[in-house]
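Spelled out, the chains give:
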Amino acid sequence: MYRFWTVFFALVPILGTALCVYAFYNHELLWFGESGSWWLPEDISTFGKDIDRIFNFLGWIVMITFIACNILLCWFMWKYADKPGDTRKATYSHGNHNLEVFWTSATAILLAVIAMSQLGIWMEIKFPSSSVDVPVFANVTARQFEWRITYPGPDGEFGTIDDFESNSDFVVPVGRKIKMMLRSQDVLHSFFLPNMRVKQDAVPGLAIPVWFEATKTGQYDLVCAELCGWGHYKMKGRLTVLSKEDYDRWQKSAIAESNRAGSDEEDEE
Ligand SMILES: [Cu+2]
C-alpha cells in the first residue's frame with residue numbers, strides 16, 4: 001500500500017507522456033513536415049515546408065526532453081518513496097558540479113544547433129538583402145484596427161492616379177512572388193498569414209519588406225498577432241489568392257469601384 005501515492009502521482013507524467021506521443025504519432029509529425037499535420041494550418045507557401053520542418057524539429061526536441069524528464073520523475077518517485085520501517089534521514093546537497101556542466105553545455109550545444117539549422121531559411125525569407133527582386137506589389141499599413149492595402153494599379157507606381165485600395169482583404173495572384181511594404185500608422189501590430197507561414201511585426205516609423213508566394217488559390221486568414229489595443233480581436237482580415245485571370249478581372253473592377261467612389265466624393269464637395 002505504501003506505493004499508492006507513488007503510483008497516484010506518477011499518473012500525471014504517465015498520462016502527459018501518453019498524450020504527447022499520441023499527438024505526435026497520430027498526426028504525421030513523425031514524418032518531418034508532410035502536410036496533414038494536426039498542429040499547423042494548410043501550407044500554401046513556397047517556403048512553408050522549410051518553416052514546418054523547423055517547427056517539427058523543435059517539436060521533436062521538446063518531446064524527447066519531456067519524455068526523458070517524465071521517466072526520471074517517475075523513477076525518482078519510485079526509488080525514494082517512503083518505505084515502512086525506513087529510518088533513513090533526508091540529506092541536503094548543494095548539487096553536482098559535473099551534472100551542472102553537463103546540462104549547461106548540452107543546452108548550449110542544442111541551442112547552437114537550432115540557431116544554425118534555421119539560418120538558411122531565415123536569410124531567404126527575412127533578410128532585406130536577400131529579399132526577392134520584384135517591384136513592390138502593395139503597401140500594407142496596419143492601424144487600430146484594420147489593414148489598409150494600397151495597390152499601385154496597372155502602371156506599377158505608387159502615388160499615381162490609378163492607385164487603389166482595399167480594406168483588410170489582401171488580394172494576390174497565385175504563383176507569383178509578392179513583395180509588400182509593411183507599415184504601422186499607430187502602434188505595434190503583427191502581420192500574420194498562417195497558411196503562408198509569414199509573420200512580421202509592423203513597427204511605427206519603419207517600412208519593412210515582406211515577401212511570399214502562394215501555391216494555391218482560395219481564401220485564407222490574415223490576422224494581427226500582436227495585442228494592439230481593445231479592438232485587437234476584430235483585426236481579422238482575409239487573404240484572397242486568385243488565378244492570374246481572376247486577379248486581372250478583380251483588379252479592373254476594383255479600379256472602377258475606386259474611381260466611382262472618388263467621383264462620388266467630388267460630387268458631394
Ligand atoms: Cu493589430
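Residues numbered from 1 in each chain as written. Predicted model: local features only at pLDDT ≥ 70, side-chain atom pairs only at ≥ 80, totals over all residues.

Parsing the chain into structural domains produces domain 1 (4-81 + 102-128) and domain 2 (138-268). Computed over C-alpha atoms only, the centres of domain 1 and domain 2 are separated by 35 Å. Facing the 10 residues of domain 1 at the interface are 11 residues of domain 2. Broken down by class, the residue content of the side of domain 1 that touches domain 2 amounts to five nonpolar, three polar and two charged. (Domains from an automatic or database assignment. Contact = placed C-beta atoms within 7 Å. Nonpolar A, V, L, I, M, F, W, Y, C, P; charged D, E, K, R; others polar.)

On to helix 2 (residues 48-79). For helix 2, spanning 32 residues, the distance from its first C-alpha to its last is 46 Å, which sits close to the expected 46 Å at 1.5 Å a residue. Among the residues making up helix 2, those that are buried are Gly 48, Ile 51, Asp 52 and Asn 56. Structurally, helix 2 contributes buried residues whose contacts are with helix 3 (97-126). (Helix = DSSP H or I, 4+ residues; strand = E, 2+ residues; numbered from the N terminus. Expected span 1.5 Å × (residues − 1). Buried ≥ 20, exposed ≤ 12 C-beta atoms within 10 Å, placed from the backbone.)

Here we take up the sheet that holds strand 10 (residues 237-242). Pairing in this open sheet of five strands is mixed, and the strands run 4-10-9-6-7 from one edge to the other. Edge positions in the open sheet fall to strand 4 (169-173) and strand 7 (198-202), since each of these has one partner strand only. Strand-to-strand, the axes of this sheet are offset by a mean angle of 20°, without reference to chain direction. Sheet topology places strand 6 (residues 189-193) next to strand 7; five bridges connect them, and they run antiparallel. Looking at the pairing, His 189 lines up with Ala 202 of strand 7. (Pairing = 2+ DSSP bridges. Axes fitted to C-alpha atoms, helices over the stretch in contact; angles between N-to-C directions.)

For Leu 15, the position within the fold is in helix 1 (residues 4-25). Taking the C-alpha atoms as reference points, Leu 15 and Lys 79, separated by 64 residues in sequence, lie 20 Å from one another.

This part takes up the sheet that holds strand 3 (residues 164-167). Each strand in a sheet pairs with another by means of backbone hydrogen bonds, the pair being arranged parallel or else antiparallel. Strand order in the open sheet formed by five strands is 3-2-1-5-8, and the pairing between neighbours is mixed. The sheet is open, and its two edges are formed by strand 3 and strand 8 (208-213), each paired on a single side. The sheet shows a mean angle of 25° between the axes of neighbouring strands, taken without regard to direction. Pairing between strand 5 (residues 177-184) and strand 8: six bridges, direction antiparallel. When the bridges of strand 8 are listed, Lys 179 appears paired with Trp 211.

Sheet faces and side chains relate simply in a regular strand, where the side chains alternate between the two faces. The pairing of strand 6 with strand 9 (residues 218-224) spans two bridges and is classified as antiparallel. Residue pairing for strand 9: Phe 192 is matched across the bridge by Val 223. Pairing geometry for strand 9 and strand 10, over five bridges, is antiparallel. Following the sheet pairing, Gly 218 is matched in strand 10 by Val 241.

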